[in-house]
Amino acid sequence: MAAASTEPPRLKQLLERDPYLAPFRTDFQRRYSLFYNRLKNIEESEGGLDKFTKSYKTFGVNQLADGGIYCKEWAPGAEAVFLAGDFNGWNPSSHPYKKLEYGKWELFIPPEDGHSPVPHGSKLKVVIRAQNGALLYRISPWARYVVRDEDKVNYDWVHWNPPQSYIHKNPSPKRLKSLRIYESHVGIASPEGKVASYKNFTYNVLPRIKDLGYNCVQLMAIMEHAYYASFGYQVTSFFAASSRYGTPDDLKEMIDVAHSMGITVLLDVVHSHASKNSEDGLNQFDGTDSCFFHSGYRGNHQLWDSRLFDYANWEVLRFLLSNLRMWIEDYRFDGFRFDGVTSMLYHHHGIGTGFSGDYNEYFGLHVDEDALCYLMLANHMINTLHPECITIAEDVSGMPALCRPVAEGGGGFDYRLAMAIPDKWIQALVGDKTLAFRLMDAEMYTNMSVLMPLTPVIDRGIQLHKMIRLITHALGGESYLNFMGNEFGHPEWLDFPRIGNNESYHYARRQFNLTEDDLLRYKFLNAFDRDMNKLEERYGWLASPQAYVSEKHESNKVIAFERAGLIFIFNFHPYQSYVDYRVGIETPGKYKILLDSDAGEYGGHQRLDHNTEYFSEEYPHNYRPNSIMVYIPSRVALVLHTMDIPK
């Protein structure tokens, strides 16, 4: 590595890009210095970042080529460590680990007649003798497969070493320029009131995603979580794919099939906190309050009732970085959406804190620079070892430079989830009504049939639903994310089975069957969403520079902008249509309609003739050198393109 430096090598470019960051130069220097020194220590002490982050191949319980078993754990607070399970009749002391330096423990179990002493599918536990002498039966933090029997509360650790593991057949898609993300939860991906499976998603949902024009699927609730109603955000086993949907091989097949369709697969990774469970989670693994977490008040999230990682701890860095690498290399995930980044970045975790955009809110002692350093290390590792992978930060604070390269002093992410945009339409909270149900509410139960008269409520809801999604898609940013089912205006809300709803699955499902009924109006919204995505695939506005908004007329309720050579025109007025409405444009030429939300196949009123040609005039309007005259009906969105530039 280069000589030590407190200055990010490309900080100058960052400050030139945003001069308002100049007063915080020393903050960027300090953050980068922390990152640089930790990376340098890893390189010098662990044989390099590559070896350090391959620890998932040595920690936990691992099968050796000769049939033997090698086990390794980090339990700094333990007095002794043992391995017990079906293989030794659950004898808690017959297989002791050897104590190593820095709180590590190891155990080697030789093969028996060339075969593994721990059979595939057998149950195991790490037995910790705590400092008070108590024996604690724990699941290894590195466990690859855990299951829960129907008659039990806690999960059991099952040794996963099948004779033949699933072999990936298809390469990952090339890195995408335009991300159209279909956010999904495997368990609810069925109209049936049950936990759906990886197999169901593979054969019933992936073809739907492909048909809709999405090129990326983001999977939530994959990392094992004991409490289903936590939406997957109270992780108990970080290296285990959730067994409630099927086996690890089922998930590998699902990702492989997605890749065969050209679909990129992202994992919703939760490194911001962990479940408080101890018997089947990380909490108090070695019998102490700390280990992977901060001890005391700092180690607990007051709103989430969960444990908070100590990102300055060497072994925590090993654990989390290796966790990312395992999901990439074993399962072939193409990147991550990091959950809860705002909570990670600040000691206050965003609780009771608003962010106005004042840069002083993002620098100072309230920033958890150890957590930020971990994120920089994670992005550096991914970018170095797997540059084709994508990372997305779920940050609502707007931390400056979070999506700039680490070499500039940034966080290294590719994208930040723009959560303020959906909040402009509704406060999009877990358990809240869907956008469609907000717009149409109870009438969706009675008036979505094409055999029923089109009521004002349903008409308004269908038209606005299309317009809201298109303007968000085209103007919102550099990629687009849709939660499964919302593309066709899924009714009601999402609620997982829990005590408060009598463990009902009624709202923990996606009613894809609604789009398949030709007598229901859901088919119109589904068709519009598909054609909207296919149009972006053709013209690539998400990968184009930000739009030029030529008009945002409050009283007329008209918004017009240009992006990727297209003209987008929205008339949000509830009843006023405009004849010969002048729209300013940059490029002269002859224009035609590419997408019309008022078309009959989208449940519109068919007020526009798609054979109409719109000729530009050298008539400046709204600071554009040219303009066109259009007919724009009420509650309609149009996309136009010049016929002079073939596409």
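Rules used in this analysis
Residues numbered from 1 in each chain as written. Predicted model: local features only at pLDDT ≥ 70, side-chain atom pairs only at ≥ 80, totals over all residues. Heavy atoms only, no water. UniProt positions renumbered as here; feature names shortened; annotations may be inferred. Phe/Tyr/Trp six-rings, centres within 6.5 Å; stacked < 30°, edge-to-face > 60°. Helix = DSSP H or I, 4+ residues; strand = E, 2+ residues; numbered from the N terminus. Buried < 20%, exposed > 50% of the residue type's maximum accessible area, 1.4 Å probe, protein only. Contact = heavy atoms within 4.5 Å. Axes fitted to C-alpha atoms, helices over the stretch in contact; angles between N-to-C directions. Parallel < 35°, antiparallel > 145°, perpendicular 65-115°, else oblique. Left-handed = near helix turned anticlockwise from the far one by under 90°. Nonpolar A, V, L, I, M, F, W, Y, C, P; charged D, E, K, R; others polar. Pairing = 2+ DSSP bridges. Expected span 1.5 Å × (residues − 1). Domains from an automatic or database assignment. Buried area = accessible area lost by both parts, 1.4 Å probe. Polar contact = N/O pair within 3.5 Å; in protein donor to acceptor, adjacent residues only side chain to side chain. Core = buried A, V, L, I, M, F, W, Y, C linked by side-chain atoms within 4.5 Å. Patch = residues over 30% accessible without salt bridge, like charges linked within 9 Å, V, L, I, M, F, W, Y side chains within 5 Å. Areas by Shrake-Rupley, 256 points an atom, 1.4 Å probe, with all protein chains shown as cover. Salt bridge = Lys/Arg side-chain N within 4 Å of Asp/Glu carboxyl O.

Looking at an unreviewed UniProt entry, the protein chain carries the name 1,4-alpha-glucan branching enzyme, with the source organism given as Taeniopygia guttata. A UniProt comment under Sequence similarities (unreviewed entry) is attached to the protein chain, and it reads "Belongs to the glycosyl hydrolase 13 family. GlgB subfamily."

Draft legend 1. Inspection of the packing of aromatic side chains at higher detail. A complete count under the given rule lists 42 aromatic pairs for this structure. Measuring from centroid to centroid gives 5.3 Å for W142 and F319, while their planes differ by 85 degrees, and the two rings are edge-to-face. With a gap of 177 residues between them, W142 in the loop between β7 (135-138) and β8 (146-147) and F319 in helix α6 (residues 314-329) connect regions that are remote in the sequence. Of the residues examined, W142 reaches a relative accessible area of 5% and is grouped as buried.

Draft legend 2. Layout of the side chain of R318. Position of R318 relative to the elements: it lies in helix α6. Looking at R318, the relative accessible area reads 5%, which means it is buried. When residues no more than four places from it in sequence are discounted, the contact partners of R318 are E46, F52, S55, F59, K104 and W142.

Draft legend 3. Broad picture of the packing of helix α4 (residues 198-211) against helix α5 (residues 248-260). The contact between α4 and α5 brings their axes to 8 Å, and the two run at 15 degrees. Viewed along their axes, α4 and α5 adopt a mutual orientation that is roughly parallel. As for the relative orientation of α4 and α5, their crossing is left-handed in sense. In this structure, α4 contributes Y198, K199, F201, T202, Y203 and L206 to the contact, and α5 contributes D250, L251, E253, M254, V257 and A258. Across the contact of α4 with α5, the residue classes tally to eight nonpolar, one polar and three charged.

Draft legend 4. Quick look at the sheet that holds strand β1 (residues 60-63). Taken in spatial order, the four strands make up an open sheet running β1-β2-β5-β4, and their pairing is antiparallel. Bordering the open sheet on either side are β1 and β4 (98-99), each of which pairs with just one other strand. The pairing of β1 with strand β2 (residues 69-74) spans four bridges and is antiparallel. Considered in β2, the bridge of N62 is made with Y70.

Draft legend 5. The arrangement of α5 in detail. Over its 13 residues, α5 runs 19 Å from end to end, which matches the ideal 18 Å to within 8%, given 1.5 Å per residue. Within α5, 12 of the 13 residues are buried, which leaves it mostly tucked inside the rest of the structure. Here α5 has its buried residues at P248, D249, D250, L251, K252, E253, M254, I255, D256, V257, A258 and H259. Looking at the buried residues of α5, the elements they touch are α4, β11 (216-220), β13 (237-241), β14 (264-269) and α6. Residue G262 follows α5 closely and has a positive phi angle near 80 degrees.

Draft legend 6. Summary view of the UniProt feature "active site" (unreviewed entry) in the protein chain. Under the UniProt annotation, the feature "active site" (unreviewed entry) is placed at D339 and E394. These annotated residues cover 56 residues of sequence, but their C-alpha atoms sit close together, with the largest distance between any two at 5.4 Å. With sequence-adjacent residues up to four places away left out, D339 is seen in contact with Y233, D268, V269, V270, S272, H273, M344 and E394. By secondary structure assignment, the location of E394 is in the loop between β18 (390-393) and β19 (415-416).

Draft legend 7. Structural context of the domain arrangement of the protein chain. Along its sequence, the protein chain is carved into domain 1 (55-159), domain 2 (180-421), domain 3 (427-539) and domain 4 (544-642). Taking the mean C-alpha position of each, domain 3 and domain 4 sit 25 Å from one another. Listed per partner, the contact involves 22 residues of domain 3 and 27 residues of domain 4. When the two sides are added together, the surface that domain 3 and domain 4 hide from each other amounts to roughly 2200 Å², 70% of it contributed by carbon and sulfur. If you sort the residues of domain 3 by the area they bury against domain 4, M467, L475 and Y539 come out on top, with a joint share of 29%. Counting the contacts that link domain 3 with domain 4 gives seven residue pairs in polar contact (both at pLDDT 80 or more). Of all the secondary-structure elements, those providing two or more residues to the side of domain 3 that touches domain 4 are α11 (456-475) and α13 (522-539).

Draft legend 8. Fine view of the packing of α11 against α13. Following both chains from N to C, one finds α11 and α13 inclined at 20 degrees, their axes separated by 11 Å at the closest point. Relative to α13, the element α11 is oriented roughly parallel. Here α11 runs over α13; the crossing is right-handed. Here I462, H465, K466, R469, L470 and H473 of α11 come into contact with α13, specifically with L525, F528, D529, M532, N533 and E536. Each residue belonging to the contact of α11 with α13 can be placed in one class, and the counts come to five nonpolar, three polar and four charged.

Draft legend 9. The nonpolar core, seen in detail. F201, W327 and Y374 are the most contacted members of the largest nonpolar core, which totals 168 residues. The element contributing the most residues to this core is helix α8 (residues 369-385), with 10 residues. When sequence neighbours within four positions are dropped, the list of residues in contact with F201 reads S184, V186, A189, L206, I209, V217, L219, M254 and M484. One finds I569, Y614, L638 and L640 within the second-largest nonpolar core, a separate group that totals 18 residues.

Draft legend 10. Unusual backbone geometry, seen in detail. With a phi close to 60 degrees, C291 is a non-glycine residue in the positive phi region. One non-glycine residue, E503, lies in positive phi territory at about 55 degrees. As for its position among the elements, E503 is in the loop between β20 (479-483) and α12 (513-516).

Draft legend 11. Geometry of the sheet that holds strand β21 (residues 548-553). Across the sheet, which stays open at both edges, the six strands sit in the order β21-β22-β23-β28-β25-β26 with antiparallel pairing between neighbours. Looking along the sheet, the strands with just one partner apiece sit at the ends: β21 and β26 (614-615). One ladder, built from two bridges, connects strand β25 (residues 590-596) with β26; its direction is antiparallel. Looking at the pairing, Y591 lines up with Y614 of β26.

Draft legend 12. Looking closely at the environment of L83. As for its placement among the helices and strands, L83 is situated in strand β3 (residues 80-85). Considering only alpha carbons, one finds L83 and I128, 45 residues apart in sequence, at a separation of 8.9 Å. Residues within four places of L83 in sequence aside, it is in contact with V61, C71, N88, N91, H95, Y97, L107, I109, L124, K125 and W157.

Draft legend 13. Representation of a nonpolar patch on the surface. Together, W90, L135 and Y137 give the surface a local cluster of nonpolar side chains, amounting to about 260 Å² of exposed area. Within the secondary structure layout, L135 lies in strand β7. In this structure L135 comes out as partly exposed when scored by relative accessible area, which is 43%.

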